[in-house]
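Geometric and topological summary
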Amino acid sequence: MAAEIIDGKAFAEGLRERVGKLAASFEKEAGRKAGLAVVLVGEDPASQIYVRNKGKQTVACGMASFEHVLPVDTPEADLLALVEKLNTDPAVDGILVQLPLPDHMDEQKVIATINPDKDVDGFHVISAGRLAVGQKGFVACTPLGCLMLLKDRLGELSGLDAVVIGRSNIVGKPMAQLLLKESCTVTIAHSRTRNLPEVVRRADIVVAAVGRPEMVKGDWVKPGATVIDVGMNRLPPTEEKPKGKLVGDVDFAEVSQVAGAITPVPGGVGPMTIAVLLRNTIVAAHRNAGIELAEGAI
Ligand code: NDP
């Protein structure tokens with residue numbers, strides 16, 4: 001039987017609507033808009049598109065967007081000074097520095113300069129630590145988006161076997177922490193994992209965050225499992241697809257015949273990332289202004 005397709009685009013739209021409502025009530029109560037500052041260094045075309053989209057969606061949700069575009073040869077000290085300024089700017093609730101940064105800059109140092117209470121991307125070591133020990137903080141947008149899709153589809157996750165393929169700091173590790181927090185039995189697989197297909201076959205939940213086109217095959221997946229495909233890979237260009245087809249880390253044609261539910265690529269996890277960024281920003285605004293936001297309000 002074919003799997004249910006998890007519609008990330010529709011879920012992200014609903015999430016943005018909920019953010020918009022909270023942004024409106026926040027503005028009334030705080031007397032100002034919630035604000036997100038995005039800093040871009042250089043002219044990387046993909047980053048420019050992301051930053052533009054983030055700005056547009058922030059404004060569409062009724063929040064203020066502050067965009068700072070710096071030349072590629074900006075000294076690191078100038079970027080750090082800008083981040084420090086944003087840290088103390090009361091109009092700014094969330095700060096995002098678009099990665100990758102130019103080679104002469106130390107990404108970890110720049111991220112470490114962001115005030116963790118404004119770290120809406122969740123990349124600061126304090127944010128990672130807060131997640132690990134179960135304190136309030138910000139969780140990286142992509143894994144949090146995956147968790148939202150999983151809870152929407154499955155409800156209670158407690159006791160389920162979850163396999164996360166990939167152990168990066170921005171996807172795999174926080175994903176595993178989130179699933180552990182939901183009381184899943186979590187396995188983290190990576191490039192040194194032995195018998196990967198066998199490991200994956202045990203899982204009720206599979207999250208693939210590898211960066212290898214269509215790696216997870218149909219016979220790797222337990223019938224009925226829920227499969228979340230984080231991968232975004234471009235296949236080589238063809239006449240039909242001159243830019244190259246966008247595929248995930250999961251062989252969708254095969255796995256969708258076995259799984260209970262699956263996210264497509266595109267239209268699954270991808271649209272969630274910016275929506276969760278906006279969600280984190282409105283949560284940051286409430287926390288920074290000392291306005292109570294009920295647990296699970298968003
Ligand atoms: P990284 O390259 O940082 O991490 C990849 C992980 O996959 C590593 O832990 C690596 O293991 C593991 N891996 C590599 N090859 C294998 C293999 N053959 N078998 C098992 N594990 C393997 O990638 P990211 O986490 O940043 O991203 C993963 C994917 O998600 C990419 O396709 C990326 O484009 C996509 N992505 C999508 C986002 C979205 O918004 N939808 C956001 C972020 C990422 P090891 O540690 O041992 O090297």
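Residues numbered from 1 in each chain as written. Predicted model: local features only at pLDDT ≥ 70, side-chain atom pairs only at ≥ 80, totals over all residues. Heavy atoms only, no water.

**Quick notes on the pattern of salt bridges**
Note the following rule: Salt bridges, as used here, are contacts in which a Lys or Arg side-chain nitrogen is within 4 Å of a carboxyl oxygen on Asp or Glu. Runs of E in the DSSP output that reach at least two residues are strands. Runs of H or I that reach at least four are helices, and both are numbered from the N terminus. Exposure is judged per residue with a 1.4 Å probe applied to protein chains only, and the accessible area is read against the type maximum: over 50% gives exposed, under 20% gives buried, and values in between give partly exposed.
Under the counting rule described, the total for this entry stands at eight salt bridges. With a closest N to O distance of 3.3 Å, Arg130 and Asp117 form a salt bridge. Highlighted residues: Arg130 in helix α5 (residues 125-133) and Asp117 in the loop between α4 (107-113) and α5, separated in sequence by 13 residues. Judged by relative accessible area, Asp117 falls into the partly exposed class, the value being 37%. Note that Glu182 and Lys151 form a salt bridge whose closest N and O atoms lie 3.2 Å from each other. With Glu182 in the loop between α7 (172-181) and β6 (185-189) and Lys151 in helix α6 (residues 141-154), the pair connects residues that are 31 residues apart, well separated along the chain. By relative accessible area, which is 38% here, Lys151 ends up partly exposed.

**Focus on the sheet that holds strand β3 (residues 64-70)**
Defined as follows: By the convention used here, strands pair only if DSSP detects at least 2 bridges between them. Comment: axis = line fitted to C-alpha atoms, over the contacting stretch for helices; angle = value between 0 and 180 degrees taken between N-to-C directions.
With parallel pairing, three strands are arranged side by side in an open sheet as β3-β2-β4. Two strands in the sheet have a free side with no partner beyond their single neighbour: β3 and β4 (94-97). Across the sheet, the axes of successive neighbouring strands diverge by a mean angle of 15°, strand direction being ignored. In the sheet, strand β2 (residues 35-41) pairs with β4 via four bridges, with the strands oriented parallel. Bridging across to β4, Ala37 finds its partner in Ile95.

**Some details on the packing of α6 against α7**
To characterise two packed helices, one gives the angle between the axes of the helices and the distance between these axes. Under the convention used in this document: Each crossing gets its handedness from the near helix: less than a right angle anticlockwise from the far helix is left-handed, clockwise is right-handed. Any two residues whose heavy atoms approach within 4.5 Å are treated as being in contact. We call Asp, Glu, Lys and Arg charged. Ala, Val, Leu, Ile, Met, Phe, Trp, Tyr, Cys and Pro are nonpolar, and the rest, Gly among them, are polar.
It is at 9 Å that the axes of α6 and α7 come closest, and there the two elements cross at 35°. Between α6 and α7 lies a crossing whose hand is right-handed. Facing α6, whose interface residues are Pro143, Leu144, Cys146, Leu147 and Leu150, α7 presents Pro174, Met175, Leu178 and Leu179. Residues belonging to the contact of α6 with α7 are distributed by class as follows: nine nonpolar, no polar and no charged.

**Thoughts on the packing of aromatic side chains**
In plain terms, the rule: Pairing of aromatic rings covers Phe, Tyr and Trp, the last through its six-membered ring, and needs centres within 6.5 Å; plane angles under 30 degrees mean stacked, over 60 mean edge-to-face, and all others mean tilted. Only when the NZ atom of a Lys or the CZ atom of an Arg is both within 6 Å of the ring centre and within 35 degrees of the ring normal do we say a charge sits over the ring.
Across all of its chains, the model carries zero aromatic pairs by this definition. For Arg18, the ring lying beneath its charged end belongs to Phe11, and the centroid distance is 5.7 Å. The side chain of Arg287 reaches across the aromatic face of Phe138, ending 5.0 Å from its centre.

**Observations regarding helix α3 (residues 76-88)**
Basically, it comes down to this: To estimate how far a helix should reach, multiply one less than its number of residues by 1.5 Å. Note: the arc covers the axis-to-C-beta directions of the helix.
Between its terminal C-alpha atoms α3 stretches 19 Å, which fits the 18 Å expected from 13 residues at 1.5 Å a residue. Residues of α3 that are buried include every one of Glu76, Leu79, Leu80, Leu82, Val83, Leu86 and Asn87, and no others. In a view along the axis of α3, the buried residues occupy a sector of 160°, so they form one face of it. Turned more than 90 degrees off the buried face of α3, the exposed positions are Ala77, Lys85 and Thr88. In the core, the buried residues of α3 are packed alongside β2, β3, β4 and α4.

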